[in-house]
Amino acid sequence: MIRSEILKEIAPILRDQLVVCNIGIPSQELHAIDDQPTNFYMLGTMGLASSIGLGLAIAQPKPVIVIDGDGSVLTNLGTLPTIGNNCPDNYILMIIDNGSYGSTGDQPTYTGRKTDLAGMARAAGCDNVVEVQDVDTGEALQAALDSGKGTVMIVKCDSGNAKMPVITMDPVIIRDRFMKAVAS
Amino acid sequence: MNISKKLVDDFVANDVSFITTVPCKQLAGVIDEVEARPEIFHIPSNKEDEGMGLCAGAWMGGKRPAIIMQNTAIGVTINTLATLTQYYRMPLPILISYRGELREPVACQVEMAVHTKALLNQMLIPTYHFHKESDADEFDEILKYTFMANKPVAILTDASFWGGYGDQ
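Fair warning: this is a prediction, and the values are worked out from it, not measured in the lab.

> Whenever I open this one, the environment of Gly51 of chain B confuses me. Can you help?
Residue and element names in this part refer to chain B. Its location among the elements puts Gly51 in helix H3 (residues 48–60). By C-beta crowding, Gly51 is classed as buried, having 33 other C-beta atoms within 10 Å. For the pair Gly51 and Ala66, spaced 15 residues apart in sequence, the C-alpha separation works out to 9.2 Å. Apart from residues no more than four positions distant in its own chain, Gly51 is found in contact with Thr20, Val22, Ser45, Ile67 and Met69.

Have a look at this one:
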């Protein structure tokens, strides 16, 4: 499976949750598959989805699901120790690990070679780290939500992107409707 | 007057309850004070752009955030300030240790100091420079201004403000 197929499959689980979605094609795919006011789309700032989601999860009690990518986590590796030492129970970091920088033309990342993100997350202090195959994503995500424990999921899947339109919504509108959904 | 305590009192009085810090010798007293306050969730970050991401999330979650960092980090955070904090129109007080000014013992610090105000100006970030201790009287108003304007606002605090660097 590629990322967009996973997102289609887990859309019913994501729909009722606060979701912070990574820059580029992941946000375009989620927006096209199931746009919700509970989705915060990153339009720029590669690497910070996990950080934004962590701040959000610490600041309020609702579950927060971050849809991140292997390339983006690699660009902000300092995030893993911060998560490992501060992870609240309502935080789920789902790293879609397709071993490539999808938004820029599928150049390979190091996770497709020797680098093991799950091992890095564990070494950084993250207590609940699960590795799942693409087909098991929905079940693992639901289990993480049901567990009530902060979780880092590494979802191994194929490289590739769906052709989706660019998000043209104004960032302040994305942010404002998201904040209203958070507060509701 | 304990200036670190005064600055953190002003944070608390303005309901700033989520503060991320990156270590700094000059701001060590402020960081200790932030850590000691039960009203504040203190989360050290490993890099300043990461910290600004944490602050963005905390603000969307209903908490008023702030970041404490050195001026060298302006070089690290330009993209985050432009494409996250400013693009989504979010408030962020940035309390900055302004290294490389008068009384600076380390020459390399001057190399970012000479760019600091130019970069903040280029980013259209309102900037205040604390040089004398009495300059901190305005900190409370600067915080109110930041959350009124929904913008990142920089507060540069130099070595003269802190009374020098001590032994290095």
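Having seen the structure, we can now continue with the description.
> When you look at the sheet that holds strand S2 (residues 39–41) of chain A in this model, what are you seeing that I'm missing?
Residues and elements named next belong to chain A. Here six strands make up an open sheet; going across it, the order is S2-S1-S3-S4-S8-S7 and the pairing parallel. Both edges of this open sheet fall to S2 and strand S7 (129–133), since each of them pairs with a single strand only. The average angle at which neighbouring strand axes cross in this sheet is 20 degrees, direction not considered. As paired strands, strand S1 (residues 18–21) and S2 are joined by three bridges and run parallel to one another.

> Would you mind showing me how to read unusual backbone geometry here?
Excluding glycine, a negative phi dihedral is what most residues carry, and trans is how most peptide bonds are arranged. Residues and elements named next belong to chain B. Although it is not a glycine, Asp15 sits at a positive phi angle of roughly 65 degrees. Take Asp15: it is sitting in the loop between helix H1 (3–13) and strand S1 (16–21). Phi is positive for Arg103, which is not a glycine, with a value near 80 degrees. Summarising the element assignment, Arg103 is placed in the loop between strand S4 (92–98) and helix H5 (107–122).

Thresholds applied
- One numbering rule holds for all chains: residues counted from 1, following each sequence as written.
- Going through the entries in the order they are written, you letter the chains from A and number the ligands from 1.
- Two thresholds apply to this predicted model, a pLDDT of at least 70 for residue-level local features and 80 or more for giving and counting side-chain atom pairs, whereas whole-chain, interface and lining totals are computed over all residues.
- Segments assigned H or I by DSSP are reported as helices when at least four residues long, segments assigned E as strands when at least two residues long, and all are numbered from the N terminus.
- Around each residue's C-beta, the other C-beta atoms within 10 Å are counted; 20 or more make the residue buried, 12 or fewer make it exposed, and counts in between make it partly exposed. All C-beta atoms are placed from the backbone.
- A residue pair is marked as a contact if its C-beta atoms, positioned from the backbone, fall within 7 Å.
- Only strands that DSSP links by at least two bridges are regarded as paired with each other.
- Lines fitted to C-alpha atoms define the axes here, with helix axes fitted over just the stretch in contact, and angles between the N-to-C directions of these axes take values from 0 to 180 degrees.

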